[in-house]
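Listed below, chain by chain, are the residues.
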Amino acid sequence: MNSFLGMGKRFVQHYFEKTGNRVFLHIKRFRKEILKDQCCTAEKPTKLAIGVEGGFLTDEKRIEFEDKTSIVLLPHWLEVPFPNEKIPGKVQALASMILMSEDASKKEEVAAMAGTWEGEKLKVSKYAEHLLQLDIGKKIPPSGWKCEKCELTTNLWMNLTDGSILCGRRFFDGSGGNNHAVDHYKELNYPLAVKLGTITANSGDVYSYPEDDLVEDPYLSKHLAHFGINISALEKTDKTMTELEIDINQKIGEWDVIQESSSNLKPLNGPGYTGMHNLGNSCYLNSVMQVLFSIHDFQKRYYNACDQIVLKCPENPATDFNTQMSKLAFGILSGEYSKKIDLMEERQQLPESQRYILPPLGIKPQMFKSLVGKGHPEFSTKKQQDAQEYFLHIISMIEKNSRGNDNPCDCFRFQVEERIMCSSSKKVRYSKREDYCLSLPVPLEAAINKDEVRAYNELKTNEKTSSADLKNIVRPIIPLSECLAAFQDVEPVEEFYSSAINGKTTALKTTRLSSFPDYLMVQIKKFTIGDDWVPRKLDISLQVPDEIDLNTLRGHGLQYGEEELPVGDSPPEPPMEICEVTVGQLVDMGFPKEACTKAVFHTKNQGVEVAMNWIMEHIDDPDFATPLKTGNNNILQEGKPFEPNQVGVELLMSMGFSMEQATRALKFTDNNPERAVDWIFSHADDLNQPMETDDSPGGQTQLSKFRDGPEKYKLIAFISHMGTSTSVGHYVCHIKKDGQWVIFNDEKVAISEHPPKDLAYLYLFQRMVQ
């Protein structure tokens, strides 16, 4: 009650011994489960959200809590019930303030309600203010509407320019309309239409065809009055677009398949089978972290060393990344929060006081989510996010917080080799970079069921097709091998500057892997931009084998007979003529001519003042007064080994760095000791890596930080996305544990009966042991 830190009992004794703080407020919470038939019937979802009011239910029960509080004094663990008049007034006041504080989970719930899955705030249409409305004397009756081109009486849209009433788009399940409103726009380019039946005094669905989105029309009342419609007298009689999308998601599509809703899934509990509650839009976080903590490297770093990490944590553990990772690892892997719940019949045999004391089921990662997302423009919000982007963000966070410790991300890191060949000279250039996720394109033209897909698409556009005819969705079936082949394809590079011909030409680019990690995360690029520049998600079925051999992806560097492109990826700059007038003015100030010449050269003849600033910044450089070296006389001459500045080496070694580390820093800072010091402190991780040599062809030596081995892998986990874009929808992951597939759907953990491998977005492969 001094630091206001919350902790479990297993750490209280150590905290007391470390800080001397001995007074604690103990809150014991009893869970009371109220089944659906004992409370109000769940209302139909009204929001595209999970785990928030008005969204999809994550469970069929409601949990209430009953708290028992007391004051505990260490070291003898003396417990005094609270409230109690015998407790000192200051302690009573502090305890009351703590109990009155807003619960963290309540804050998360309120925040989740403010943003999120139900969509962004509609933008005001740029066509609304000056919308053309034809004066043709047309008046729209308050009811009895029908499409002017067919017999449909639902999903009707009135064009706000000419008052035409036409049916809307046909949805993928066959419902909706016959696209007559869209056809009308294509013919006449009248931009805005309002959905009849959704208009009330406060709102209405307005669609902008050129903006291809639902929009806000601040002048809707005036636009409707033009056709004799009194907005204040209308009542909602039709479903909004959000409601229609919810209906479709409940009936058909990937939602049921990915969540295995039609299966009677057997729940699992115990160590490694702990679910994570959805905090409104945290399913992307839940899925990624479940997959990460199924990997041995992450278990070893954060779970096996949990006690050591927590005991060494700083004064405020809420801001310490490693502490929060360890806390989350313990919550997921220990089994303490995933214990078997007795059947209702068995609980009825217990005394009333014990009947509703339930073991915990799942964890709520509120503190972890807040810390990891802090300061990030996307992950700090309550919006739905891209799981692949979050995976890379977590990798980056771990990298920053693993200096001096084992880095579990090493199991993902691999080296990418890119080869560029000049089509004119046939000379090549190899470059390398590191990555943690292999992104594969989706070649739709490689579908093995093109005829079936074509027939299904024709069926969807047929006005006579019913919803029953489209019940069985036909998706393009694409083998994973075709995605890998597309990744390996040669990519033309236009307007490539070739240093071999000193001009622009076309180049051919290929990409391979120089190293193969222990675990390979593969992203399928389902989210793309259409020809109309509108983001969309590819609805495909991917054929993914349980085992794959990626030996064809192996890059081998510069090959015998290949000739490297000369250094330089841009036209050489013409030699600069140093302004002798500026040099003379600086010499007159008392500086050495060699230094003045350097100052004018490095500031590109920008004048005395700029050159003077350069002199003041470099006046203490060991080579301040040495002659300027340019062109072929440059310190870093091509083809010659790097020679470090000995004065700089001695300076850096006097600061405790080794000769190799000092040499490396000077190499990357043009032998400038001052800059080398800054480089060292911003590249601490690189100092522990051996320097690259040019012993192999083209200098393609691999760094030791990349694990490498056989290219054969087996599928051990995948993350699936449901929804039309990464900013909406829901994520679920499947992980293979103890020889069986397990579904992790937020706090629900169960044996998977039909793992939907073909609909996943991210796939995790593990190297097969030979």
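Up top you'll find the structure we're talking about.
This one's a predicted model, so the numbers in the text were calculated from it and none came from an experiment.

(A) Quick look at the overall build of the chain. When you go through the chain residue by residue, the secondary structure sums to 23 helices and 24 strands. Out of the 770 residues in the chain, the part that is buried amounts to 44%. Look at the contacts in the chain between residues 6 or more apart in sequence, and 69% of them connect residues 24 or more apart. For the chain, the exposed surface amounts to about 41,100 Å²; the carbon and sulfur share of it is 51%.

(B) How the structure looks around helix α14 (residues 366–373). Of all eight residues in α14, six are buried; the element is thus mostly enclosed. Glycine 375 sits one or two positions beyond α14 and adopts a positive phi of about 85°.

(C) Structural detail: unusual backbone geometry. Between leucine 74 and proline 75 the backbone carries a cis peptide bond, its omega angle lying at 15°. With respect to the secondary-structure elements, proline 75 resides in the loop between β2 (61–73) and β3 (78–81). Looking along the chain, the bond that leaves phenylalanine 82 and enters proline 83 is cis, with omega of 5°. Tracing the sequence through the fold places proline 83 in the loop between β3 and α2 (89–100). Phi is positive for glutamate 495, which is not a glycine, with a value near 55°. Mapped onto the elements of the fold, glutamate 495 is located in strand β13 (residues 491–498). On the basis of relative accessibility, which here comes to 58%, the residue glutamate 495 falls in the exposed class. For asparagine 502, which is not glycine, the phi torsion reads 55° and is therefore positive. The topology assignment puts asparagine 502 in the loop between β13 and β14 (503–513).

(D) Local environment of the sheet that holds strand β10 (residues 428–435). Spatially, β10-β9-β14-β13 is the arrangement adopted by the four strands of the open sheet, whose pairing is antiparallel. The open sheet has two edge strands, β10 and β13, and neither has a second partner. Across the sheet, the mean angle separating the axes of adjacent strands is 35° when strand polarity is ignored.

(E) Spatial organisation of the pattern of salt bridges. Using the criterion set out here, one finds 20 salt bridges in the structure. Across the pair glutamate 148 and lysine 138 runs a salt bridge, and its minimum N-O distance is 3.0 Å. Taken together, the positions of glutamate 148 in the loop between α3 (104–114) and β4 (156–159) and lysine 138 in the loop between α3 and β4 put the pair ten residues apart, joining distant regions of the chain. If you follow the salt bridges from partner to partner, you end up with Asp297, Asp518, Arg707 and Arg767 in one network.

(F) Seen up close, the packing of helix α11 (residues 321–333) against α14. Direction vectors running N to C along α11 and α14 enclose 145°, while the axes themselves pass 10 Å from each other. Judged by the twist between their axes, the crossing of α11 over α14 is left-handed. Judged by residue contacts, Phe321, Gln324, Met325, Lys327 and Leu328 of α11 engage Met367, Phe368, Leu371 and Val372 from α14. For the contact of α11 with α14, a count of residues per class yields seven nonpolar, one polar and one charged.

(G) Quick look at the sheet that holds strand β7 (residues 206–208). If you walk across this open sheet you meet the five strands as β5-β4-β6-β7-β8, and the pairing is antiparallel. Each end of this open sheet is capped by a strand with a single partner; those strands are β5 (165–167) and β8 (213–215). Each strand axis lies, on average, 40° off the axis of its neighbour in the sheet, ignoring direction. The pairing of β4 with strand β6 (residues 192–195) spans three bridges and is antiparallel. By the bridge assignment for β6, tryptophan 157 is matched with lysine 195. Those strands touched by helix α4 (residues 180–188) are β4 and β5, and its axis lies near 120° from that of β5.

(H) Region of the structure containing the packing of helix α19 (residues 593–602) against helix α20 (residues 608–618). One can describe the packing of α19 onto α20 by two numbers: an axis separation of 8 Å at closest approach and a directional angle of 120°. Regarding the angle of α19 to α20, the classification is oblique. Seen from above, α19 lies across α20 with right-handed handedness. Residues Ala595, Cys596, Lys598, Ala599, Val600 and His602 of α19 form the contact with α20, whose participating residues are Ala611, Trp614 and Ile615.

Conventions adopted
Residues numbered from 1 in each chain as written. Predicted model: local features only at pLDDT ≥ 70, side-chain atom pairs only at ≥ 80, totals over all residues. Heavy atoms only, no water. Helix = DSSP H or I, 4+ residues; strand = E, 2+ residues; numbered from the N terminus. Buried < 20%, exposed > 50% of the residue type's maximum accessible area, 1.4 Å probe, protein only. Contact = heavy atoms within 4.5 Å. Areas by Shrake-Rupley, 256 points an atom, 1.4 Å probe, with all protein chains shown as cover. Pairing = 2+ DSSP bridges. Axes fitted to C-alpha atoms, helices over the stretch in contact; angles between N-to-C directions. Salt bridge = Lys/Arg side-chain N within 4 Å of Asp/Glu carboxyl O. Left-handed = near helix turned anticlockwise from the far one by under 90°. Nonpolar A, V, L, I, M, F, W, Y, C, P; charged D, E, K, R; others polar. Parallel < 35°, antiparallel > 145°, perpendicular 65-115°, else oblique.

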